[in-house]
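What follows is each chain in one-letter form.
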Amino acid sequence: MHRVLIVCGAGASSTFLAHRIRAAARRRDIDVSVSASSTAGLAERIGAIDVLLVGSHLATRFDELSHLADAAGAVSALLPDTIFGSGGEEIALDLVLNRVADTASSS
């Protein structure tokens, strides 16, 4: 199972996206746990994840957040601006799967 955390400024938009990604994963029969957090709650949750997805509005903080993920043994990805449009959950799920595959192939 892949453990994914989506982080955004307040946690509201990431909660909505997490729900949509879980639904997409069920449709594709992919075992994934997806949760959401604000940046304020990240430190408490980072150690229990495999993939950190960062909202596009946090692009200026991506390097900082990515470094935290690296230190915790997780991979990270910046979500595209279009993620909340139609099909965005599929794009996000593919991003998770690609990041996990990239990590596995470089190990």
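Higher on the page you've got the structure.
As a starting point, this report considers the structure included with it. (Residues numbered from 1 in each chain as written. Predicted model: local features only at pLDDT ≥ 70, side-chain atom pairs only at ≥ 80, totals over all residues. Heavy atoms only, no water.)

## Overview of the overall build of the protein chain
Then step 1. Looking only at helices and strands, the protein chain has 4 helices and 4 strands in total.
Then step 2. Counting from the amino terminus, helix and strand elements in the protein chain follow one another as β-α-β-α-β-α-β-α.
Then step 3. Over its C-alpha trace the protein chain gives a radius of gyration of 12 Å, about what one expects of a compact globule, namely 13 Å for 107 residues.
Then step 4. With the principal axes as the frame, the protein chain shows a C-alpha extent of 35 × 30 × 20 Å.
Then step 5. Every one of the 107 residues in the protein chain was classed for burial, and the buried ones make up 41%.
Then step 6. In the protein chain, the proportion of contacts linking residues at least 24 apart, taken out of those at least 6 apart, comes to 67%. (Helix = DSSP H or I, 4+ residues; strand = E, 2+ residues; numbered from the N terminus. Rg over C-alpha atoms; globule rule 2.2 N^0.38 Å. Buried < 20%, exposed > 50% of the residue type's maximum accessible area, 1.4 Å probe, protein only. Contact = heavy atoms within 4.5 Å.)

## So, the pattern of salt bridges
Then step 1. Under the criterion given, the structure shown has 8 salt bridges.
Then step 2. The partner of Glu-64 in a salt bridge is Arg-61, and the shortest N-O contact between them spans 2.9 Å.
Then step 3. Look at Glu-64 and you get partly exposed, because its relative accessible area is 42%.
Then step 4. Given the relative accessible area of 29%, Arg-61 is considered partly exposed.
Then step 5. Each of Arg-20, Arg-27, Arg-28, Glu-89, Glu-90 and Asp-94 takes part in one network of salt bridges that share partners. (Salt bridge = Lys/Arg side-chain N within 4 Å of Asp/Glu carboxyl O.)

## Focus on the nonpolar core
Then step 1. Of all hydrophobic cores here, the largest spans 19 residues; its most connected members are Val-4, Ile-6, Ile-21, Val-34, Leu-53 and Leu-79.
Then step 2. Mapped onto this core, the elements with two or more residues apiece are β1 (2-8), α1 (12-27), β2 (32-38), β3 (51-54), β4 (75-78) and α4 (88-106).
Then step 3. At 5 residues, α1 tops the list of elements feeding residues into this core.
Then step 4. Excluding residues within four positions of it along the chain, Val-34 makes contact with Val-4, Ile-6, Ala-18, Ile-21 and Arg-22. (Core = buried A, V, L, I, M, F, W, Y, C linked by side-chain atoms within 4.5 Å.)

## Thoughts on the side chain of Ser-76
Then step 1. With respect to the secondary-structure elements, Ser-76 resides in strand β4.
Then step 2. By relative accessible area, which is 8% here, Ser-76 ends up buried.
Then step 3. A distance of 2.8 Å separates a polar atom in the side chain of Ser-76 from a polar atom in the side chain of Ser-66.
Then step 4. Sequence-distant contacts of Ser-76, that is, excluding residues within four places in its chain, are made with Leu-52, Phe-62, Ser-66, Ala-69 and Arg-99. (Polar contact = N/O pair within 3.5 Å; in protein donor to acceptor, adjacent residues only side chain to side chain.)

## Focus: the pairing of β1
Then step 1. Counted residue by residue, β1 has 5 buried out of 7 residues, so it is predominantly covered.
Then step 2. Pairing between β1 and β2: 7 bridges, direction parallel. Note on β2: the bridge partner recorded for Val-7 is Ser-37.
Then step 3. Looking at chain direction, β1 and β3 are connected through 4 bridges and run parallel. (Pairing = 2+ DSSP bridges.)

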